[in-house]
Amino acid sequence: MSNPNVSTEPVAKARNYQYVLEVENVRKEFPGVVALDNVQLKIRPGTVHALMGENGAGKSTLMKIIAGIYQPDSGTVKLRDQVVKLPTPLSAQEAGIAMIHQELLLMNSMTVAENIWIRREPKNSLGLIDHNKMLQMTQDLFKRLNINLDPRAEISELTVGNRQLVEIAKAVSFNSDVLIMDEPTSAITEKDVAHLFSIIRDLRAQGIGIVYITHKMNELFEIADEFSVFRDGKYIGTHLSSDVTRDDIIRMMVGREISQMFPKEEVEIGEVVLSAHNLCRGKDFQNISFEVRAGEILGFAGLVGSGRSHVVETIFGVKPPDSGHIEIKGQRVNIKSPQDAIRNGMALLTEDRKETGCFLPLSIQENIQPAVLHERYVKRGFVEQKTLDQQSNDICAKMRVKTPSMFEIIENLSGGNQQKVLIGRWLLTDPKILIMDEPTRGIDVGAKAEIHRLVTQLAHRGVAVIMVSSEMPEVLGMSDRIVVMHEGRITGILHRNEADQVKIMDLAAN
């Protein structure tokens, strides 16, 4: 028995429509956040349409709606001039939409062929999987795409670039009219990028409409026919790539004023507290050197994949550098672990509070206390629980954490209140250097303003703050100086009085 949905040959379809995909007035809200505000997008068949915008602009939310992962609150999605409902990713695939996610969704213990045809395996007359036919189908598909991979190889044996090619082959195997690529070059080599672009051009020639999400300006001009820009969940405009310059696009992406949400105050800047000297770690970053002073807020800006988070993780001892060194108050230190970092007066608020910050099944009290249990509130091997509980209560009250009690499970709190608890965890350690990676990601406007006020208060107390943020207004509004990174290297360090959104984007895009 053959599977009617399985084919390795391109399907020629009569196209009597102007747009293969149309999004009209789509709105999507999450608690406290309007992610999409009546946006539109129109994709012509046989074109590459780049989708541009800062982190948080709404690009990924819209793609997840088109791919059936999210449902819109209002608005319509049309395929080939017909309004469609896409309640699940499977329904989107069956309608002719395939998406390649930035985080690859392959199963490492299975072969290349098994990953491509999973749930669509060809069957023999006994209803069993026909492995020989599946192998032949994969070889035919790879020949069509000029991919030189062994279909029998396990995914775990492949490089990131080759895994990306498997995802592309899998998406193409559905013979879709619309193919969404989310940052497909973020983790592959230049050679792999050239191969990817060759495949994209072939798919475009076959009449497929390709939505290409990228932060890289050079890719837009090399591969895209036209582009659309989103900003703060709103649709800004669509243009032919040949009609605009790099500066035009940057202005469309960042064209807004800094609001009063950033209560930056003049603070006396003191001595150098921490300095990094020529830090290198594999392909993550190279030759990173900077310093931060007491009372200073040092912002780190850059696009996805620039290496900012890798740098602060290394400073905090999560992964040691291959070379280079760190000094604290002029003294060279060897930070081999987070425990070493804490002993040297550091604290790190991680990028993803749910994955690497919160202990979701535990209470607020249990989440706020772990960083100080090693020595600060321990005497003769016993925890001074009463004192620790009182200090925890005081910090949560000071930070206005909204909760019925300290015994509330942290998973039940809003994102902003979870973030306040995690900041409170580190304030208990009385840090001299506070590193904050995306401190206001995914939280509402009110909570953002409160966290910004707290950062300003800490600077007044002489704490040296390193703040990594993908939100341009936050970086500009809160920082005394801004380190800008691109693909693992520092491309510039700007003082507050010389920095603006265009300069930062220009350095971030290198």
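Residues numbered from 1 in each chain as written. Predicted model: local features only at pLDDT ≥ 70, side-chain atom pairs only at ≥ 80, totals over all residues. Heavy atoms only, no water.

**Concerning the overall build of the protein chain**
Item 1. From N to C terminus, the protein chain includes 17 helices and 22 strands.
Item 2. At 25 Å, the protein chain has a C-alpha radius of gyration in line with the 24 Å of a compact globule built from 510 residues.
Item 3. If one aligns the C-alpha atoms of the protein chain with their principal axes, the spans along those axes are about 75 × 55 × 50 Å.
Item 4. Of all 510 residues assigned to the protein chain, the portion counted as buried reaches 52%.
Item 5. Of all intrachain contacts in the protein chain linking residues separated by at least 6 positions in sequence, the fraction that spans at least 24 positions is 69%.
Item 6. Just so you have it, the protein chain exposes about 23200 Å², and 48% of that area is on carbon and sulfur atoms.
Item 7. One finds the centroid of the 59 positive side-chain charges in the protein chain at a distance of 2 Å from the centroid of its 66 negative side-chain charges. (Helix = DSSP H or I, 4+ residues; strand = E, 2+ residues; numbered from the N terminus. Rg over C-alpha atoms; globule rule 2.2 N^0.38 Å. Buried < 20%, exposed > 50% of the residue type's maximum accessible area, 1.4 Å probe, protein only. Contact = heavy atoms within 4.5 Å. Areas by Shrake-Rupley, 256 points an atom, 1.4 Å probe, with all protein chains shown as cover. Lys, Arg positive; Asp, Glu negative; His and termini not counted. Charge placed at Lys NZ, Arg CZ, Asp CG, Glu CD.)

**A few points about the domain arrangement of the protein chain**
Item 1. According to the domain assignment, the protein chain contains domain 1 (9–109 + 175–254), domain 2 (270–345 + 432–441 + 453–510) and domain 3 (355–430).
Item 2. Averaged C-alpha coordinates put domain 1 and domain 2 at centres separated by 32 Å.
Item 3. Of the roughly 1200 Å² buried between domain 1 and domain 2, counting both surfaces, carbon and sulfur atoms make up 58%.
Item 4. The interface formed by domain 1 and domain 2 includes one salt bridge.
Item 5. Taking the shortest distance from any N to any O, the salt bridge between Arg 246 and Asp 506 comes out at 3.1 Å.
Item 6. Scanning the region where domain 1 abuts domain 2 turns up one residue pair in polar contact (both at pLDDT 80 or more). (Domains from an automatic or database assignment. Buried area = accessible area lost by both parts, 1.4 Å probe. Salt bridge = Lys/Arg side-chain N within 4 Å of Asp/Glu carboxyl O. Polar contact = N/O pair within 3.5 Å; in protein donor to acceptor, adjacent residues only side chain to side chain.)

**Some details on the sheet that holds strand E13 (residues 297–302)**
Item 1. Taking strand neighbours across the sheet as the criterion, the six strands line up as E16-E19-E20-E13-E21-E22 in an open arrangement whose pairing is mixed. Looking at the sheet topology across the chains shown, the edges are occupied by strand E16 (346–349) and strand E22 (489–495). Taken over all neighbouring pairs, the strand axes of this sheet differ in orientation by 15° on average, direction set aside.
Item 2. Bridging between E13 and strand E20 (residues 464–468) involves four bridges; their strand directions are parallel. Within E20, the residue paired with Leu 298 across the bridge is Ile 466.
Item 3. Contacting E13, E16, strand E19 (433–437), E20 and strand E21 (481–486), helix H9 (residues 308–315) runs over the sheet at an angle of about 150° to E19.
Item 4. Contacting E13, E21 and E22, helix H17 (residues 501–508) runs over the sheet at an angle of about 35° to E21. (Pairing = 2+ DSSP bridges. Axes fitted to C-alpha atoms, helices over the stretch in contact; angles between N-to-C directions.)

**What about helix H14 (residues 415–427)?**
Item 1. Taking 1.5 Å of rise per residue, 13 residues should cover 18 Å, and H14 covers 19 Å from first to last C-alpha, within 8% of that figure.
Item 2. Three or more residues of H14 are buried, namely Gly 416, Asn 417, Gln 418, Gln 419, Lys 420, Val 421, Leu 422, Ile 423, Gly 424, Arg 425, Trp 426 and Leu 427. (Expected span 1.5 Å × (residues − 1).)

**A short note on the nonpolar core**
Item 1. By size, the foremost hydrophobic cluster in this structure holds 66 residues, and its most contacted members are Phe 290, Ile 315 and Met 346.
Item 2. In contact with Met 346, not counting residues within four places along its chain, are Leu 274, Ile 315, Phe 316, Ile 328, Ile 335, Ala 341, Pro 431, Ile 433 and Ile 435.
Item 3. The next biggest cluster of nonpolar side chains, apart from the first, holds 63 residues, and it includes Met 52, Ile 116, Leu 145 and Ile 223. (Core = buried A, V, L, I, M, F, W, Y, C linked by side-chain atoms within 4.5 Å.)

**Points about the pairing of E13**
Item 1. Where burial is concerned, most of E13 is hidden: six out of the six residues are buried.
Item 2. Taking every second residue as pointing to the same face, both faces of E13 are buried, with Ile 297, Gly 299 and Ala 301 on one and Leu 298, Phe 300 and Gly 302 on the other.
Item 3. Sheet analysis places E13 next to E21, joined by five bridges and oriented parallel. Within E21, the residue paired with Gly 302 across the bridge is Met 485.

**Re the side chain of Arg 481**
Item 1. Relative to the helices and strands, Arg 481 resides in strand E21.
Item 2. What makes Arg 481 buried here is its relative accessible area of 13%.
Item 3. There is a polar contact of 2.5 Å between the side chain of Arg 481 and the backbone oxygen of Glu 291.
Item 4. Once you skip the residues sitting within four places of it in the chain, Arg 481 turns out to touch Glu 291, Val 292, Glu 296, Ile 297, Leu 298, Gly 299, Ile 493, Leu 494, His 495 and Arg 496.

**Thoughts on the pattern of salt bridges**
Item 1. Under the criterion given, the structure shown has 18 salt bridges.
Item 2. Between Asp 225 and Arg 204 there is a salt bridge, with the nearest N and O atoms lying 3.2 Å from each other. Placement of the pair is Asp 225 in the loop between helix H7 (217–223) and strand E9 (226–231) and Arg 204 in helix H6 (residues 190–205), with a sequence separation of 21 residues.
Item 3. The partner of Glu 438 in a salt bridge is Arg 308, and the shortest N-O contact between them spans 3.7 Å. In this pair, Glu 438 sits in the loop between E19 and helix H15 (445–460) while Arg 308 sits in helix H9, placing the two residues 130 residues apart along the sequence.
Item 4. A residue is classified by how much of its surface remains accessible, and Arg 308, at 7% relative accessible area, is buried.
Item 5. Salt bridges sharing partners connect three or more residues here, namely Arg 27, Glu 29, Asp 37 and Lys 234.

**Structural notes on the sheet that holds strand E7 (residues 178–182)**
Item 1. Here we have six strands laid out as an open sheet, ordered E6-E7-E8-E3-E9-E10, and mixed in their pairing. Taken across any chain shown, the strands that pair with only one partner, and hence form the sheet edges, are strand E6 (97–100) and strand E10 (234–240). Averaged over all pairs of adjacent strands, the angle between strand axes in this sheet comes to 20°, irrespective of strand direction.
Item 2. Examined bridge by bridge, E6 and E7 share four bridges and lie parallel to one another. The residue of E7 that forms the bridge with Ala 98 is Leu 179.

**Here we look at the environment of Ile 188**
Item 1. Structurally, Ile 188 is set in the loop between E7 and H6.
Item 2. Overall, Ile 188 belongs to the buried group, its relative accessible area being 15%.
Item 3. Separated by 206 residues in the primary sequence, Ile 188 and Asp 394 place their C-alpha atoms 48 Å from one another.
Item 4. Dropping the residues within four chain positions of it, Ile 188 is found in contact with Val 160, Gly 161, Gln 164, Val 193 and Leu 196.

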